[in-house]
Amino acid sequence: MKRLRGLDWFWQELLPSELPMLLEGLLNDHDSYVRASAVKTWGHFSLLSPPETPGVKRNENTKEVCAGGARLLEILSSDSEGFPRRAAVGVFIDWLKEGHPEASPDPAEFVSRALQAADGDLDWEVKIRALELAGVFIGQTFDGLGLGEGSASAGSSLAKTPAPLADALRLFCQMELFGFLFRGLQDCDRPVALKACEVLLALKSVLCKHRSKSSPAGDAAGLKDIPMETPPPPPPLSLPAGEAAEKDCQDPERLLLILESTDLEGLRKALDVSSDHLERNPESLLQDILAAAGNAEENKVDCY
């Protein structure tokens, strides 16, 4: 469908047609598979269509199809089935990678809103895709600093506005991105924990490669683009959890100490080869039941 981008004649024929209204109706279909397909199609149309096409009269449905970020957030937050919610996060990933107009002006705000909507979701595939979204954003941010490994798409707006690495770290803290990642790392579903571990490993790799010689612990105020030999591993620190988690995840220096002292590579290997015993524990089973029931709050007491 990318070849259709910028073809005014195509959109002049398509947008005034009944397709936008049909698509809006399918977003409310009773079948979750249909809603999920409509979400994906909506995302493609919104990404490919120009913001304004001269000579085309747009009704309200057409305008929504060409934008739709708020609508997708609503689906991600409130749809009772997992398939549409998974599709919504997938669209957000595509929009971030491709520089969608709703993502490119303020990628941090765009990603933050999506992660807030996905946080606490009971569907493990939604959580994995949300972690992927976080990983893409982190990669784009580091690519903008010239420190990434090509995870961001070419032409990203972030790639044109380099910022100090310490500023990027503070931005991650302000977005509560670390809290989201650490909750994923401690998730009862093994695939979720594995994905969070992979994202944190990529983040840790960049941060540890560019620590300041004068600040071996990775002080956020002293981060510099100076490679150095790896020092002896510090004593392990506990992962942020409970009441202390919010405070820890707002302290860049504390977070760097936790990242350095945590054997993420060993954890990744253990998760990669382990059985699915984490997915079969009672907590995970309860989450699956609640997710299938649709309304978690109304059914939680019955499940317990």
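Structure: above.
Per chain, residues are indexed from 1 in the order of the written sequence. In keeping with the model being predicted, local features are shown solely for residues with a pLDDT of at least 70 and side-chain atom pairs are shown and tallied solely at 80 or more, while totals for entire chains, interfaces and linings include all residues. Computation of side-chain values covers all heavy atoms of the structure but excludes hydrogens and water.

Asker: Could you give me a rundown of the overall build of the chain, with the residues and numbers involved?
Answerer: Segments assigned H or I by DSSP are reported as helices when at least four residues long, segments assigned E as strands when at least two residues long, and all are numbered from the N terminus. Helices and strands together make up the secondary structure of the chain, namely 16 helices and zero strands. Counting only residues that meet the buried cut, the chain has 47% of its 304 residues in that class. Note on definitions: a residue-residue contact is assigned when non-hydrogen atoms from the two residues lie within 4.5 Å. When contacts within the chain are restricted to residue pairs at least 6 apart in sequence, those whose partners lie at least 24 apart make up 65%. Taken as a whole, the chain presents about 15,500 Å² of accessible surface, with 54% of it coming from carbon and sulfur. Here's how the labels work: a residue is buried when its accessible area is under 20% of the maximum for its type, exposed when over 50%, partly exposed in between, all with a 1.4 Å probe on protein chains only. Exposure was quantified through the Shrake-Rupley algorithm and a 1.4 Å probe, taking into account, for residues, occlusion by the shown protein chains and nothing else.

Asker: Can you tell me about the packing of aromatic side chains, naming the residues and giving the values?
Answerer: Planes of paired rings set the category: under 30 degrees apart is stacked, over 60 is edge-to-face and the rest tilted, where pairs are Phe, Tyr or Trp rings (Trp by its six-membered ring) whose centres lie within 6.5 Å. Under the criterion given, the structure shown has seven aromatic pairs. Ring centres of F92 and F110 lie 5.4 Å apart, and the angle between their planes is 80°; on these two criteria the pair is classed as edge-to-face. Remark: F110 occurs in helix α7 (residues 107-118) and F92 occurs in helix α6 (residues 82-98); sequence separation between them is 18 residues. Exposure remark for F110: the relative accessible area of 3% places this residue in the buried category. A connected cluster of aromatic rings, assembled from ring pairs, spans F137, F142, F172 and F178. Sitting above the plane of the F83 ring, R86 keeps its charged end 4.8 Å from the centroid. Note on geometry: a ring has a charge over it if NZ (lysine) or CZ (arginine) is within 6 Å of the ring centre and within 35 degrees of the ring normal.

Asker: Break down helix α13 (residues 252-261) for me, citing the residues and quoting the values.
Answerer: Since the α-helix packs 3.6 residues into each turn, any two residues three or four apart lie on the same face. Counting buried residues in α13 gives seven out of ten residues, a clear majority hidden from the surface. Among the residues of α13, P252, L255, L256, I258, L259, E260 and S261 are the ones counted as buried.

Asker: Pulling in residues and values, what's your account of the environment of S32?
Answerer: For S32, the location among the structural elements is in helix α3 (residues 32-48). Note: C-alpha distance between S32 and E81 (49 residues apart in sequence) is 6.2 Å.

Asker: Tell me about the pattern of salt bridges, and name the residues and values.
Answerer: Where charged atoms from two side chains of opposite charge come close, those side chains can pair. Criterion for a salt bridge: a side-chain nitrogen of Lys or Arg within 4 Å of a carboxyl oxygen of Asp or Glu. Counted under the stated rule, the structure contains 13 salt bridges. Across the salt bridge formed by K127 and D187, the nearest N and O atoms sit 2.9 Å from each other. Pair noted here: K127 is in helix α8 (residues 124-144) and D187 is in the loop between α10 (177-185) and α11 (190-209), with a separation of 60 residues, a long-range link. Residue K127 is classed as buried on the basis of its relative accessible area, which comes to 11%. Look at D187 and you get buried, because its relative accessible area is 14%. Connected through salt bridges with shared partners, the residues E24, R71 and E74 form a single ionic network.

Asker: Account for the packing of α6 against α8, with residues named and values stated.
Answerer: At a minimum axis separation of 9 Å, α6 and α8 run at an interaxial angle of 10°. Here α8 runs roughly parallel to α6, going by the angle between their axes. Packed against α6, whose contacting residues are G82, R85, R86, A87, V89, F92, I93, L96 and K97, the element α8 presents E125, V126, R129, A130, E132, L133, V136, F137 and Q140 at the interface. Tallied by class, residues from the contact of α6 with α8 come to ten nonpolar, two polar and six charged. Lines are fitted to the C-alpha atoms to define the axes, a helix being fitted only along its stretch in contact, and any angle between axes, read from their N-to-C directions, falls within 0 to 180 degrees. Convention used here: angles under 35 degrees read as roughly parallel, angles over 145 as roughly antiparallel, angles from 65 to 115 as roughly perpendicular, and any remaining angle as oblique. Gly falls in the polar group here, along with every residue not listed as nonpolar (Ala, Val, Leu, Ile, Met, Phe, Trp, Tyr, Cys, Pro) or charged (Asp, Glu, Lys, Arg).

Asker: If you had to explain the environment of S77 to someone new, which residues and values would you point to?
Answerer: Checked against the element boundaries, S77 lands in helix α5 (residues 69-78). Accessibility expressed as a relative area gives 51% for S77, which makes it exposed. In protein, a polar contact means a hydrogen-donor-capable atom and an acceptor-capable atom, both N or O and within 3.5 Å, with residues adjacent in sequence counting only if both atoms are side-chain atoms; elsewhere, any N or O pair within 3.5 Å suffices. Side-chain polar atoms of S77 contact the backbone oxygen of L73, separated by 2.8 Å.

Asker: Just give me the short version of the nonpolar core, but keep the residues and values in it.
Answerer: Within the largest apolar cluster, 68 residues are counted, with the highest numbers of intra-cluster contacts made by F92, F142, L177, F178, L181 and L203. The biggest single contributor to this core is α11, with eleven residues. When we break this core down by domain, the ones giving at least three residues each are domain 1 (1-51 + 62-94) and domain 2 (106-147 + 167-213 + 249-275). Sequence-distant contacts of L181, that is, excluding residues within four places in its chain, are made with L131, A134, I138, A196, V199, L200 and L203. In this description, a nonpolar core means a group of buried Ala, Val, Leu, Ile, Met, Phe, Trp, Tyr and Cys residues linked to one another through side-chain atoms lying within 4.5 Å. The domain limits used here are those given by an automatic or database domain assignment.

Asker: Outline unusual backbone geometry, listing residues and values.
Answerer: Phi is mostly negative for residues that are not glycine, and the peptide bonds are mostly trans. The phi torsion at E176 lies on the positive side, around 60°, for a residue other than glycine. Positionally, E176 belongs in the loop between α9 (165-174) and α10. Residue E176 is classed as partly exposed on the basis of its relative accessible area, which comes to 46%.

Asker: Describe the environment of D79, and please don't skip the residues or the numbers.
Answerer: Relative to the elements of secondary structure, D79 occurs in the loop between α5 and α6. For D79, a relative accessible area of 15% puts it in the buried group. Distance in space between the C-alpha atoms of D79 and S32 is 9.0 Å, their sequence separation being 47 residues. Not counting the four nearest positions on each side in its chain, D79 is found in contact with R35, E74, P84 and R85. Only 2.9 Å separates the side chain of D79 from the side chain of R35, close enough to count as a polar contact. In terms of polar contacts, D79 uses its side chain to reach the backbone amide nitrogen of E81, at 2.9 Å.

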